[in-house]
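# An overview of the molecular structure
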Amino acid sequence: MNQAVKEQILQKIKEYNRIMLFRHVRNDGDCVGATKGLKRILQLTWPEKEIYLIDADTAAYLEFMGPEDAPVEDALYADALGIVLDTASEARISNKKYNLCKELIKIDHHIPLEGYGALQWVEEDRSSACEMVVDFYNTFRDELKIDSEAATYLYTGMVTDSGRFKYDGVTGDTLRNAATLLDVGVDTQTLFARLYLEAFEYLKFKAQIYERMKMTENGVAYIYIDRAMQEEFNLTLEQASACVGCLDSIRGSIAWMVFIDNGDDAGTIRVRLRSRFVHINSIAEKYRGGGHACASGATVYSLEEMQSLLADTDALVKEYKETHEGWL
Ligand code: AMP
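Within each chain, residues carry numbers counting from 1 in the order of the written sequence. The predicted origin of the model limits local features to residues at a pLDDT of at least 70 and limits the giving and counting of side-chain atom pairs to 80 or more, whereas totals for whole chains, interfaces and linings rest on all residues. To obtain the side-chain values, all non-hydrogen atoms of the structure were used and water was disregarded.

### Thoughts on the sheet that holds strand β9 (residues 269-275)
When DSSP finds two or more bridges between two strands, those strands count as paired. Each helix corresponds to a stretch of at least 4 residues labelled H or I by DSSP, and each strand to a stretch of at least 2 residues labelled E; elements are numbered beginning at the N terminus. Read from one edge of the open sheet, 6 strands run β6-β7-β8-β9-β11-β10, paired in mixed fashion. Every other strand in the sheet has two partners, leaving β6 (214-215) and β10 (290-291) as the edge strands with one partner each. Direction of pairing for β6 relative to strand β7 (residues 220-225): antiparallel, over a ladder of 2 bridges. Paired with Lys-214 across the strands is Tyr-222, a residue of β7.

Given below as structure tokens:
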């Protein structure tokens, strides 16, 4: 699938001596894993090429993957090939110097809101961008090199973006690609411990999530984590945001979301929307966001707008439940 564009991408990689890798803002396991994994594959295969991954921050829970490259002079971008992974739109590219690159390639698995770059390989049905990088490796495995370091980065993204191989996008190909990585060598016990063990205090916060969560008439579970709650439990925004997973297993609640007060001057509230069976990306797109059919992000600017987003989702879920059978 997509053989022609993958061949064109390989050709471009061969043409350039310097390659810059980019990912999205508010990084997660997939964009970090995909950029670090591809960087490692390119370095192993072409040690003479300069491969840079320059990004100012990595989420605290992913710091075990190691730091990124230090910033370089702007001039170095000018004759470089840029490869942007896991990022639907230019506005979400984290390192804004991407547009200094001579040419840009987009490799992504989000619903395409906007095209950018000379070459685009987008497969919205893939469970993760990391899966696409593994597919790229498998397509050209006679030429490309991989090791357990690269495999671990890529496995991290595959595991986190698929909810440990649980979500809808997981296919036979997903597991075959994951198997490629396990064959190369991944210490899954250590990786899962790093990703999923939780601090004692964080579990106390989670208990409060269950205490304070609410439900709309038609079964949209949600919680608003305001500044007071963040301060009460001494949470970073990242820790507060992570609790969306707490709401994912309520029978009959086929859409759920968390609202996190960002505490900025503009008064933004981050929204993380999730669902099963019903697709909620249209709601995210209406409120300045986007993402995947069942996992999207958005931004609202007031409690009124939060209520309006909830009402829209509630209506969507109502309509879905009335017209479909088999949801749980
Ligand atoms: P989050 O809840 O922030 O993890 O977002 C869920 C998914 O939607 C991730 O794949 C994000 O990359 C994507 N996403 C979040 N916000 C946006 C946005 N404003 N535009 C497009 N995609 C987004």
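### Quick notes on the sheet that holds strand β5 (residues 119-122)
Taken in spatial order, the 5 strands make up an open sheet running β2-β1-β3-β4-β5, and their pairing is parallel. Looking along the sheet, the strands with just one partner apiece sit at the ends: β2 (50-53) and β5. Each neighbouring strand pair of the sheet contributes to a mean axis angle of 15°, computed without reference to strand direction. Relative to β2, strand β1 (residues 18-22) runs parallel, the two being bridged by 4 bridges. If you follow Arg-18 over to β2, its bridge partner there is Glu-50. Contacts were defined at the residue level, with two residues in contact if any of their heavy atoms lie within 4.5 Å. Axis definition: a line fitted to C-alpha atoms, limited for helices to the stretch in contact. Angles are taken between N-to-C directions and run from 0 to 180 degrees. Sheet contacts for helix α2 (residues 29-45): β1, β2 and β3 (81-85); angle to β2, the most-contacted strand, approximately 170°. Packing of helix α4 (residues 129-139) onto the sheet brings it into contact with β3, β4 (103-108) and β5, and relative to β5 it is tilted by some 110°.

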